[in-house]
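The chain contents come next:
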Amino acid sequence: MVEFVAKFLADYGISPLILTRGYAGGDEAKMLQRHLLGGPVKVGVGVNRMATANLFFEKYGYVDCRGSKFSEKTYLDQKMESHISSEKIGAAILDDGMQHWSLCRDLEIVMINGLMPWGNHKLLPLGPLREPLTALKRADVAVVHHADLVLEQKLKDIELVIQEIKESLPIFYTRMAPSYFSEVRNISIKVHLGAVHNAVVLCVSAIGSADAFVQVMEKIGPIYVDRFDFSDHHSFQIKDIHMMRERLRQLEDRFGCQPIVIVTEKDYDRDREILKHLHPFQVLVLCSEMQIISHKGCNEDTFKLLLKELLEE
């Protein structure tokens, strides 16, 4: 979603600054930098995001776009813009920033994991919630993620919870759509999704929602999907590689063919080199993009229109 919003702003000629804490080696920041390389989007990494922002403002300057009318830039408009004005930062996007209470914000988008929306309804450390659900009152938009993997009745239940707290809150639905695989040894090499049809795969991940990753892989069409889950942001160690190789040998003995290892982009960007130690087993990176699902009259166009209206206020 951070990447989506950054590209949305860039399309309107606004140079955004993404501010991320860079937790556990900055895997998400590295992925964003790789995806957005060469464009007007900047990525600032640091625990103190206010200090990080100030460094970027001093280096590039800034413009206040609040209250301006958004008009989408054409390619020619962008080429004619002076280099200096395009460098100036017009918006800051906080990755995972809802609990940054001291910071004023013009737009609050809350992402809800459709597969496990509220956990056990308890706050940390007894559950996954950082605040009571009443914090949804502060939100401008709610987005139910992985909605394609959730039954319709469960989506309705999530909607009811949200509407009981803030009836006027707009709700949108998203999914991670697989695009292609890339080779760990050379990320620029694209491999068609059909490469895993009728194959045995081992999904290896250290992300927040491993279930979603595995379910997406199962839909692509391997004959068998096994999984190795680690805690979110876990840095793979040599002992982990040994465990993976052992599991791969077991799968090879069981099915009589060499299994393929699949990792997420976040896992690739966390440590690109250690995964190469799984050779001679093939290791592919699943490359996906967030898509807004058409649901109850809400789609990508209405989402962008809402963002535009909220930011023009």
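Residues numbered from 1 in each chain as written. Predicted model: local features only at pLDDT ≥ 70, side-chain atom pairs only at ≥ 80, totals over all residues. Heavy atoms only, no water.

The protein is annotated in an unreviewed UniProt entry as tetraacyldisaccharide 4'-kinase of Durio zibethinus. Here is the UniProt Pathway (unreviewed entry) comment for the protein, exactly as written: "Glycolipid biosynthesis; lipid IV(A) biosynthesis; lipid IV(A) from (3R)-3-hydroxytetradecanoyl-[acyl-carrier-protein] and UDP-N-acetyl-alpha-D-glucosamine: step 6/6." (UniProt positions renumbered as here; feature names shortened; annotations may be inferred.)

S.K.: So what exactly am I meant to see when it comes to the overall build of the protein here?
M.R.: Check the secondary structure of the protein and you find ten helices and eleven strands. Taking 20 Å as the expected radius of gyration for a compact globule of 313 residues, we find that the protein reaches 21 Å, a close match to that expectation. Dimensions along the principal axes, computed over C-alpha positions, put the protein at roughly 65 × 45 × 35 Å. Within the protein, the proportion of its 313 residues that are buried is 46%. Pairs at least 24 apart in sequence give 75% of the contacts found in the protein among residues at least 6 apart. Working note: accessible area of the protein is about 16500 Å², and carbon and sulfur atoms make up 53% of it. The averaged location of the 43 negative side-chain charges in the protein is 3 Å from the averaged location of its 37 positive side-chain charges. (Helix = DSSP H or I, 4+ residues; strand = E, 2+ residues; numbered from the N terminus. Rg over C-alpha atoms; globule rule 2.2 N^0.38 Å. Buried < 20%, exposed > 50% of the residue type's maximum accessible area, 1.4 Å probe, protein only. Contact = heavy atoms within 4.5 Å. Areas by Shrake-Rupley, 256 points an atom, 1.4 Å probe, with all protein chains shown as cover. Lys, Arg positive; Asp, Glu negative; His and termini not counted. Charge placed at Lys NZ, Arg CZ, Asp CG, Glu CD.)

S.K.: Looking at this structure, how should I read the packing of aromatic side chains?
M.R.: Two descriptors summarise a pair of aromatic rings, namely the distance from one centre to the other and the angle between the planes of the rings. Counting across every chain of the model gives eight aromatic pairs. Among the aromatic residues, ring-to-ring pairing joins F4, F172 and F303 into one connected group. Here the guanidinium or amino end of K190 rests over the ring plane of Y180, the centre of that ring lying 4.6 Å away. (Phe/Tyr/Trp six-rings, centres within 6.5 Å; stacked < 30°, edge-to-face > 60°. Lys NZ or Arg CZ within 6 Å of the ring centre and 35° of its normal.)

S.K.: Would you mind showing me how to read the nonpolar core here?
M.R.: As a rule of thumb, nonpolar side chains are buried together in soluble globular proteins. In terms of nonpolar packing, the biggest core is built from 26 residues, with I18, I93, V141, F172 and F303 touching the most fellow members. Elements represented by at least two residues in this core include exactly α1 (2-11), α2 (27-35), β5 (141-145), β11 (283-292) and α10 (300-312). At six residues, the largest contribution of residues to this core is made by α1. Setting aside anything within four residues of it in sequence, one finds I93 in contact with V2, V5, A6, L9, P16, L17, I18 and L19. In this structure, V184, M244, V261 and I274 belong to the second largest nonpolar core, which totals 22 residues. (Core = buried A, V, L, I, M, F, W, Y, C linked by side-chain atoms within 4.5 Å.)

S.K.: What is the right way to look at unusual backbone geometry in this model?
M.R.: A cis amide bond links L124 to the next residue, P125, at an omega of 5°. Inspection of the secondary structure assignment puts P125 in the loop between β4 (109-113) and β5. Of note, the amide linkage connecting H279 to P280 takes the cis form, showing an omega dihedral of 15°. Position of P280 among the secondary structure elements: in the loop between α9 (265-270) and β11. In this structure, N198 is a non-glycine residue whose phi angle is positive, near 60°. Position of N198 among the secondary structure elements: in the loop between β7 (190-191) and β8 (200-205). Backbone geometry at H233 places phi at a positive 75°, although glycine is not the residue there. With respect to the helices and strands, H233 occurs in the loop between β9 (224-229) and α8 (238-255). With a relative accessible area of 13%, H233 lands in the buried category.

S.K.: I would appreciate a short explanation of the sheet that holds strand β1 (residues 15-20) in the present structure.
M.R.: Hydrogen bonds between backbone atoms are what pair the strands of a sheet, whose relative direction is either parallel or antiparallel. Taken in spatial order, the three strands make up an open sheet running β2-β1-β3, and their pairing is parallel. Among the strands making up the open sheet, the edge pair consists of β2 (42-45) and β3 (89-94). Mean inter-strand twist for the sheet, computed between neighbouring axes without regard to direction, equals 25°. In the sheet, β1 pairs with β3 via five bridges, with the strands oriented parallel. Paired with L17 across the strands is A92, a residue of β3. Strands in contact with α2 are β1 and β2; relative to β2, the strand with the most contacts, it is inclined by about 165°. (Pairing = 2+ DSSP bridges. Axes fitted to C-alpha atoms, helices over the stretch in contact; angles between N-to-C directions.)

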